[in-house]
Amino acid sequence: MVVLNLRGDCLARTATNFQQGMTDKRFLELEIRAWLHSPARKRQLAAEAYYDGAQDVLHRRRVALDDDGHIKVLDHLPNNRLVNNIYAKMVDQKTNYSFGRPFSFDTEDKGYAKALNSVLGPKFRRVMRNVGEGAWIGGKCWLFPYYEGGELAFKRFPADEVLPFWADADHTVLDAAVHVYAVLEYDETEVAKDVVKAEVMHGGGVDCFILRDDGTLEPDPEARSGPYITAPDPETGEETGYNWERIPLVCFKSSQHEIPLLSKVKCLQDAYNSIVSNFANQMEEDVHSTILVIKNYDGEDLGRVRANLATYGIIKVRSFEGSEGGVDTLQIEVNSENYKTLLSILKDAIIENARGYDAKDDRMSGNPNQMNIQSMYSDIDLDANGIETEFQAAMEELLWFVNRHLANTGKGDFEGTEVKVIFDRDVLINETEAINNCKASVGILSDETIVKMHPWVTDPEQELQRIKKEKEEAMADPYQAAFLANRQGSGGPGGPVNADGGGDDGNE
C-alpha cells in the first residue's frame, strides 16, 4: 500500500471525504477520475482546441429528413467548414497588450532589483508571456519553480494538467496538487502509446505515479519520489533532500472566477463560423439557386431531374391529356449584404464580449487624439486591470521562492524588502501629443517623471544618466553649452543650459 505524506491541514480539510479505511491513494484515484471528466476541465480543453482552430463547425453535416422521418446526411451538397478564428485573435491581443512588453521591478533597494533581474531574466519573461496566454485560454495557468543545473528555473503547466486542493474558498492557499500529463513511450512491441503520469505535490515532497486505464495509480519506477530538491552534501558528497516550506506551484488567474475566455464568446464564434460556411455553400449551389416548376415530367425520381440537369443541362417533359409539358423557374437571389451585416454584428459582439478592441475602429481614422485612443482601449483596459491585480498577488507568491533561493545561495537576504512588479502595457499613443505634454510639464514635474512618460524612452535610468553626462560636459565647455541650449530651447527635460556654462538641473 502506498501512503502519501500529505500535510496535516490537507488531511483535516478532506477528512469528511474519507470513508472508513480509505487510503490517501484511493482518495486521489477517485478525485483524479472525477476531475478528468469534470465540466470545468472540458471547458479548458475546448478553449485550447478553439485557439488551435479545432472548432465545432469542423464537425457539422448537412442533413435532411427522409420519407420515414429519419435524419440522413446529404453528402452530395456543398458542406463548407470555415473557421474565422476571432477568438484566437482576442487571446493574442489581450496577451500582448498586458504581457508583450518586458515587466520591471520597482524597489528602492538597487541590489535587490539587480538580483531579481539576474534570476528573472529574458528567459523567465518569455515564460511569463506564455503564462499570461495560458491564463486567458484556461482561466488560470500554473508556474512550477525547480532547480536545473543548480539554477532556479520555471516551468509552465496549463490549467487542464493540474488538479489543485485548496485550503480556502477564495483559492489562495494551496494544500496539495496533482500534475497529470501524458508522455509518448514505446512498449515491448515497439508501438508508441500515451502513458499518463501523475505527480502528487504536497508538504512532504512529491510522489510520482502512472495512471492506468482503469483509474488506479501505480508507483512510477522511472521517476524520483521524495523531496523537491536534492543536492550533494559538501562534506560527504551524499545526495541530501530539501523541501520548500510551501507547495512549489503558483497559480496565475485571469480573474477570481477562473473562467476561460472562450466561455464568454463560444456561441458567438460558432455562429460566425456557421454564417460564413452557409454563405460559401450558397455560392457553390449554382443548381439550387433556382426552383424548378415541372409540368408533366417524364419520370418520378426528382433526384434524376437534378442529375440530368447537372450532367446534360436538359430535362425531358411531355404533353398529357391536353396539358402542355414545360419547366418554369423561380429565381432565388442570395443577398450578400444580409450576410455582411450579420457577420459585422457578430464580429463586434465577439470583440465586445471578449473585451478587446478593433484596430480598424473608425475612431482611429485620420489623426486620432489621445482621448479617442483611450476610448477604444477602455474595455481591454478593464480586463488588463483585473488580470494584473491577480498577477501581482501571484508574483508576490513567486517572489517568496526567489527570495529563498537568493538567501540559500548567499546572494542576499531580501525577505521583507518591498518590491512592485510593473507590467508595461503595449498601448498605441499619439506621439506628437505625448511629447508636447512632456514639454509643457517642464518646471512642474521632475526630470525623472517626464523622462519616464516620454514615448521614445525605453530605459529611463539610462536616459537620465545620459542627460546628466551632457550637463556635466556642457558646464565644462561653453560652446557645447550654447549648442545644448539651442537644441533644447525652452522645453525638454532639464530645462535650458546657459551659455556661460551654468545650468538649471530642473530639480530645485
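Above this text sits the structure in question.
Residues numbered from 1 in each chain as written. Predicted model: local features only at pLDDT ≥ 70, side-chain atom pairs only at ≥ 80, totals over all residues. Heavy atoms only, no water.

**Student:** Which residues make up the packing of helix H4 (residues 86–99) against helix H11 (residues 378–408), and what values go with them?
**Tutor:** Between H4 and H11, the least distance of the axes is 10 Å, while the angle of their chain directions is 60°. Judged on the interaxial angle alone, H11 and H4 are oblique. When the axes of H4 and H11 are compared, the crossing they make is right-handed. Counting all contacts with H4, which are made through Gln93, Lys94, Tyr97, Ser98 and Phe99, the residues of H11 involved are Ile380, Asp381, Asp383, Ala384, Ile387, Glu388 and Phe391. Considering only residue class, the contact of H4 with H11 consists of 6 nonpolar, 2 polar and 4 charged. (Axes fitted to C-alpha atoms, helices over the stretch in contact; angles between N-to-C directions. Helix = DSSP H or I, 4+ residues; strand = E, 2+ residues; numbered from the N terminus. Parallel < 35°, antiparallel > 145°, perpendicular 65-115°, else oblique. Left-handed = near helix turned anticlockwise from the far one by under 90°. Contact = heavy atoms within 4.5 Å. Nonpolar A, V, L, I, M, F, W, Y, C, P; charged D, E, K, R; others polar.)

**Student:** Which residues make up a nonpolar patch on the surface, and what are the values?
**Tutor:** Residues Val63, Leu65, Ile71 and Val73 make up a contiguous nonpolar surface patch of about 370 Å² in total accessible area. Only strand E1 (63–65) and strand E2 (71–73) provide two or more residues apiece to the nonpolar patch. Here Val63 falls in the partly exposed class, since its relative accessible area comes to 41%. (Patch = residues over 30% accessible without salt bridge, like charges linked within 9 Å, V, L, I, M, F, W, Y side chains within 5 Å. Areas by Shrake-Rupley, 256 points an atom, 1.4 Å probe, with all protein chains shown as cover. Salt bridge = Lys/Arg side-chain N within 4 Å of Asp/Glu carboxyl O. Buried < 20%, exposed > 50% of the residue type's maximum accessible area, 1.4 Å probe, protein only.)

**Student:** Talk me through the packing of aromatic side chains; I want residue IDs and the actual numbers.
**Tutor:** Tallied over the entire structure, the rule returns 20 aromatic pairs. For the ring pair Phe103 and Phe423, a centre distance of 5.9 Å and an interplane angle of 55° mean the geometry is tilted. With a gap of 320 residues between them, Phe103 in the loop between H4 and strand E3 (104–106) and Phe423 in the loop between strand E16 (420–422) and helix H12 (431–440) connect regions that are remote in the sequence. Under the relative-accessibility criterion, Phe423 is labelled buried at 8%. Measuring from ring centre to ring centre gives 4.7 Å for Tyr357 and Tyr377, while their planes differ by 55°; the resulting arrangement is tilted. Of the two residues, Tyr357 sits in the loop between helix H9 (336–354) and helix H10 (370–376) while Tyr377 sits in the loop between H10 and H11, which places them 20 residues apart along the sequence. Take Tyr357 and Tyr377: they sit in the same class, and that class is buried. (Phe/Tyr/Trp six-rings, centres within 6.5 Å; stacked < 30°, edge-to-face > 60°.)

**Student:** Describe the pattern of salt bridges, and please don't skip the residues or the numbers.
**Tutor:** This structure, assessed with the given rule, holds 17 salt bridges. One salt bridge connects Arg246 with Glu397, and the closest N-O pair in it is separated by 3.1 Å. Taken together, the residues Arg246 in the loop between strand E12 (239–242) and strand E13 (250–253) and Glu397 in helix H11 connect sequence positions 151 residues apart. For Arg246, a relative accessible area of 33% translates into the label partly exposed. Close ionic contact of Glu337 with Lys340 constitutes a salt bridge, the shortest N to O distance being 3.7 Å. You can see Glu337 and its partner Lys340 sitting in helix H9, 3 residues apart, about one turn around the helix. The network of salt bridges with shared partners includes Lys25, Arg26 and Glu29.

**Student:** Which residues make up helix H3 (residues 39–51), and what values go with them?
**Tutor:** Between its terminal C-alpha atoms H3 stretches 18 Å, which fits the 18 Å expected from 13 residues at 1.5 Å a residue. Those residues of H3 not exposed but buried are Arg41, Gln44, Ala47, Tyr50 and Tyr51. Looking at the buried positions of H3, the neighbouring elements they touch are helix H2 (24–36), H4, helix H6 (122–138), strand E4 (140–148) and helix H7 (262–284). (Expected span 1.5 Å × (residues − 1).)

**Student:** Any details on the environment of Asp106? Residues and values, ideally.
**Tutor:** With respect to the helices and strands, Asp106 occurs in strand E3. We classify Asp106 as partly exposed; its relative accessible area is 45%. Taking C-alpha positions, Asp106 is 7.0 Å from Ile422, a pair spaced 316 residues apart along the chain. Ignoring any residue separated from it by four or fewer positions in sequence, one finds Asp106 in contact with Glu418, Val419, Lys420 and Ile422.

**Student:** Give me the lowdown on the nonpolar core, citing residues and values where you can.
**Tutor:** Soluble, globular proteins show a tendency: their nonpolar side chains are buried together. With 71 residues, the main nonpolar core has Tyr87, Leu249 and Phe252 as its most contacted residues. Counting residues per element, this core draws most heavily on H11, which supplies 10 residues. Residues contacting Tyr87, with those up to four places away along its chain left out, are Ala47, Tyr50, Tyr51, Ile137, Leu261, Leu262, Val265 and Gln269. Trp35, Val178, Ala198 and Phe209 belong to the second largest nonpolar core, which has 14 residues in total. (Core = buried A, V, L, I, M, F, W, Y, C linked by side-chain atoms within 4.5 Å.)

**Student:** Could you give an account of the pairing of E13, with specific residues and numbers?
**Tutor:** Across the two faces of E13 the burial is the same, with Val250 and Phe252 and Cys251 and Lys253 all buried. As defined by bridge partners, E4 adjoins E13 across 4 bridges and the pair is classed as antiparallel. In the sheet register, Lys140 faces E13, and the bridge partner there is Lys253. (Pairing = 2+ DSSP bridges.)

**Student:** Tell me about the sheet that holds E13, residues and numbers included.
**Tutor:** Here 3 strands make up an open sheet; going across it, the order is E5-E4-E13 and the pairing antiparallel. In this open sheet, the two edge strands, each paired with only one partner strand, are strand E5 (151–158) and E13. Here the strands of the sheet are splayed against their neighbours by 30° on average, with no regard to which way each runs.

**Student:** Describe the side chain of Asp220, and please don't skip the residues or the numbers.
**Tutor:** As for its position among the elements, Asp220 is in the loop between strand E10 (217–219) and strand E11 (229–232). Within the local environment of Asp220, its side chain forms a polar contact with the side chain of Lys197, the two groups lying 3.2 Å apart. At 3.1 Å, the side chain of Asp220 forms a polar contact with the backbone nitrogen of Glu222. Ignoring anything within four residues of it in the chain, the contact list for Asp220 reads Lys197, Cys208, Phe209 and Ile210. (Polar contact = N/O pair within 3.5 Å; in protein donor to acceptor, adjacent residues only side chain to side chain.)

**Student:** So what's going on with H6? Residues and values would help.
**Tutor:** Across its 17 residues, H6 extends 24 Å between first and last C-alpha, which sits within 8% of the 24 Å expected from 1.5 Å per residue. Counting buried positions over the 17 residues of H6 gives 12, a clear majority of the element. Those residues of H6 not exposed but buried are Phe124, Arg125, Val127, Met128, Val131, Gly132, Glu133, Gly134, Ala135, Trp136, Ile137 and Gly138. Positive phi shows up at Gly139, right after H6, with a value of about 90°.

**Student:** An account of the side chain of Thr107 is needed here, citing residue identities and associated values.
**Tutor:** With respect to the element layout, Thr107 can be found in the loop between E3 and helix H5 (110–119). Of note is the side chain of Thr107, whose polar atom sits 3.3 Å from the backbone nitrogen of Asp109. A polar contact of 2.9 Å, which involves the side chain of Thr107, links it to the backbone oxygen of Glu418. Beyond its immediate chain neighbours, meaning those up to four positions away, Thr107 contacts Tyr112, Ala113, Thr417, Glu418 and Val419.

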